[in-house]
Amino acid sequence: KQEVTQIPAALSVPEGENLVLNCSFTDSAIYNLQWFRQDPGKGLTSLLLIQSSQREQTSGRLNASLDKSSGRSTLYIAASQPGDSATYLCAVRPSGSARQLTFGSGTQLTVLP
Amino acid sequence: GAVVSQHPSWVICKSGTSVKIECRSLDFQATTMFWYRQFPKQSLMLMATSNEGSKATYEQGVEKDKFLINHASLTLSTLTVTSAHPEDSSFYICSARLNTGELFFGEGSRLTVL
């Protein structure tokens, strides 16, 4: 059974800092991995999708990497801003399955002005 | 990115009543949509996979007679919580997948059963 772990559970940084959020998964047979952000009481916003054949994806100040063999992904946020404050979730889609997306429990990020 | 709309965003109902939540893909067609439930400060739990034109596939432990799912068109899936009770109070979120494999989520619906 796939398990997805996100560390740390919560993170507080001053504005302007670069930061890294970690996601690890136990089964490396994945189809893709997706990072989301969730604001309180809201749905999820897709940030980046990495296919299993890719090693990283970039969008603006965000960069996500994927190392399938070690079962790890990182989300790098450059020059953090207070508006980046949210919960960040990673989710893994296993190979050979059309569903069963497994989510991590999230990292709650607070960027202090 | 693609847009998934959920309605209502919040609903309060009395115990024993039924509540319907709609999930629409606004700018793309989705043969498959997913319904999740989220408890406070926890991650998302997949409840069921909604398939257009056929029966939904429920995850283990989810009562299909309790949570009725209908996916009558390529842009609309509905979740009906039947005979709702306070323990059904939760945040329900739907999602739809593009052909690329990327998943997009609705804004969520907060259900409170009194």
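For the structure, see preceding data.
Please read these numbers as outputs of a predicted model, since none were measured by experiment.

Cut-off values and rules
- Residues numbered from 1 in each chain as written.
- Chains lettered and ligands numbered in written order.
- Predicted model: local features only at pLDDT ≥ 70, side-chain atom pairs only at ≥ 80, totals over all residues.
- Heavy atoms only, no water.
- Contact = heavy atoms within 4.5 Å.
- Buried area = accessible area lost by both parts, 1.4 Å probe.
- Salt bridge = Lys/Arg side-chain N within 4 Å of Asp/Glu carboxyl O.
- Polar contact = N/O pair within 3.5 Å; in protein donor to acceptor, adjacent residues only side chain to side chain.
- Helix = DSSP H or I, 4+ residues; strand = E, 2+ residues; numbered from the N terminus.
- Nonpolar A, V, L, I, M, F, W, Y, C, P; charged D, E, K, R; others polar.
- Buried < 20%, exposed > 50% of the residue type's maximum accessible area, 1.4 Å probe, protein only.
- Disulfide = S-S within 2.5 Å.
- Pairing = 2+ DSSP bridges.
- Axes fitted to C-alpha atoms, helices over the stretch in contact; angles between N-to-C directions.

Undergrad: Explain the interface of chain A and chain B here, please?
TA: By convention, interface size is frequently given as the accessible area that disappears when the constituent parts associate. Taken residue by residue, the interface counts 20 residues in chain A and 22 residues in chain B. For the pair chain A and chain B, the summed buried surface comes to about 1600 Å²; carbon and sulfur atoms form 50% of the total. Here chain A and chain B share zero salt bridges between them. Where chain A touches chain B, the interface holds five residue pairs in polar contact (both at pLDDT 80 or more). For the side of chain A that touches chain B, the elements supplying multiple residues, two or more each, are strand E4 (30-38), strand E5 (44-51) and strand E9 (86-94) of chain A. Class assignment for the residues of the side of chain A that touches chain B results in seven nonpolar, ten polar and three charged.

Undergrad: Help me understand the environment of Ile-93 of chain B, please; the structure alone is not making it clear to me.
TA: Inspection of the secondary structure assignment puts Ile-93 of chain B in strand E9 (residues 90-97). Assessed through its relative accessible area of 0%, Ile-93 of chain B is described here as buried. Here the alpha-carbon distance between Ile-93 of chain B and Gly-61 of chain B, two residues 32 residues apart in the chain, equals 18 Å. Non-local contacts of Ile-93 of chain B, meaning those with residues more than four positions away in its chain, are made with Gln-38, Gly-43 and Leu-44 of chain A together with Gln-6, Phe-34, Trp-35, Tyr-36, Gln-38, Leu-44, Phe-105, Gly-106 and Gly-108 of chain B.

Undergrad: Just to check I follow, could you spell out the state of the cysteines for this structure?
TA: Disulfide: a covalent bond formed between the sulfur atoms of two cysteine residues. All told, the structure shown has two disulfides over all chains when counted by the stated rule. The disulfide partner of Cys-23 of chain A is Cys-90 of chain A, and the S-S distance across this bridge is 2.0 Å. Between Cys-23 of chain A and Cys-90 of chain A the sulfur-sulfur dihedral comes to about 75 degrees; the bridge is accordingly right-handed. You can see Cys-23 of chain A sitting in strand E3 (residues 19-25) and its partner Cys-90 of chain A sitting in strand E9, a full 67 residues away along the chain. Neither residue differs from the other here; Cys-23 of chain A and Cys-90 of chain A are each classed as buried. Disulfide pairing places Cys-23 of chain B opposite Cys-94 of chain B at an S-S distance of 2.0 Å. On the sign convention where negative means left-handed, the S-S torsion of about 80 degrees between Cys-23 of chain B and Cys-94 of chain B marks this disulfide as right-handed. Here the residue Cys-23 of chain B occupies a position in strand E3 (residues 19-25), and Cys-94 of chain B occupies one in strand E9, the gap between them amounting to 71 residues. The burial state of Cys-23 of chain B is the same as that of Cys-94 of chain B; both residues are buried.

Undergrad: When you look at unusual backbone geometry in this model, what are you seeing that I'm missing?
TA: The general pattern is negative phi for most residues beyond glycine and trans for most peptide bonds. With an omega dihedral of 0 degrees, the bond running from Ile-7 of chain A to Pro-8 of chain A counts as a cis peptide bond. Along the chain, the position of Pro-8 of chain A falls in the loop between strand E1 (4-7) and strand E2 (10-14). Along the chain, His-7 of chain B connects to Pro-8 of chain B via a cis peptide bond; the corresponding omega equals 0 degrees. Turning to its location among the elements, Pro-8 of chain B is positioned in the loop between strand E1 (4-7) and strand E2 (10-13). Of note in this structure, Ala-79 of chain A is not a glycine but carries a positive phi near 45 degrees. Relative to the elements of secondary structure, Ala-79 of chain A occurs in the loop between strand E8 (72-77) and E9. Given a relative accessible area of 37%, Ala-79 of chain A falls into the partly exposed group. The residue Ser-83 of chain B is not glycine, and still its phi comes out positive at about 45 degrees. Checked against the element boundaries, Ser-83 of chain B lands in the loop between strand E8 (76-81) and E9. With a relative accessible area of 33%, Ser-83 of chain B lands in the partly exposed category.

Undergrad: Even after reading the chapter, I still don't get the sheet that holds E8 of chain A, so can you show me in this structure?
TA: Two modes of strand pairing occur in sheets, parallel and antiparallel, and in both the strands are linked by backbone hydrogen bonds. Residues and elements named next belong to chain A. Across the sheet, which stays open at both edges, the five strands sit in the order E1-E3-E8-E7-E6 with antiparallel pairing between neighbours. Each edge of the open sheet is held by one strand with a lone partner, namely E1 and strand E6 (56-59). Between one strand axis and the next, the sheet turns by 15 degrees as a mean value, whatever way the strands run. Both E1 and E3 contribute to a ladder of four bridges, which runs antiparallel.

Undergrad: For this particular structure, what's the right way to read the pairing of E8 of chain A?
TA: The two faces of the sheet receive side chains in turn, since in a regular strand these alternate between them. All names here are of chain A. Judged by which residues are buried, E8 turns out to be one-sided: Ser-73, Leu-75 and Ile-77 face inward and are buried, whereas Arg-72, Thr-74 and Tyr-76, on the alternate face, are not. Sheet analysis places strand E7 (residues 62-67) next to E8, joined by six bridges and oriented antiparallel. Opposite Asn-63, over in E8, you have Tyr-76 as the bridge partner.

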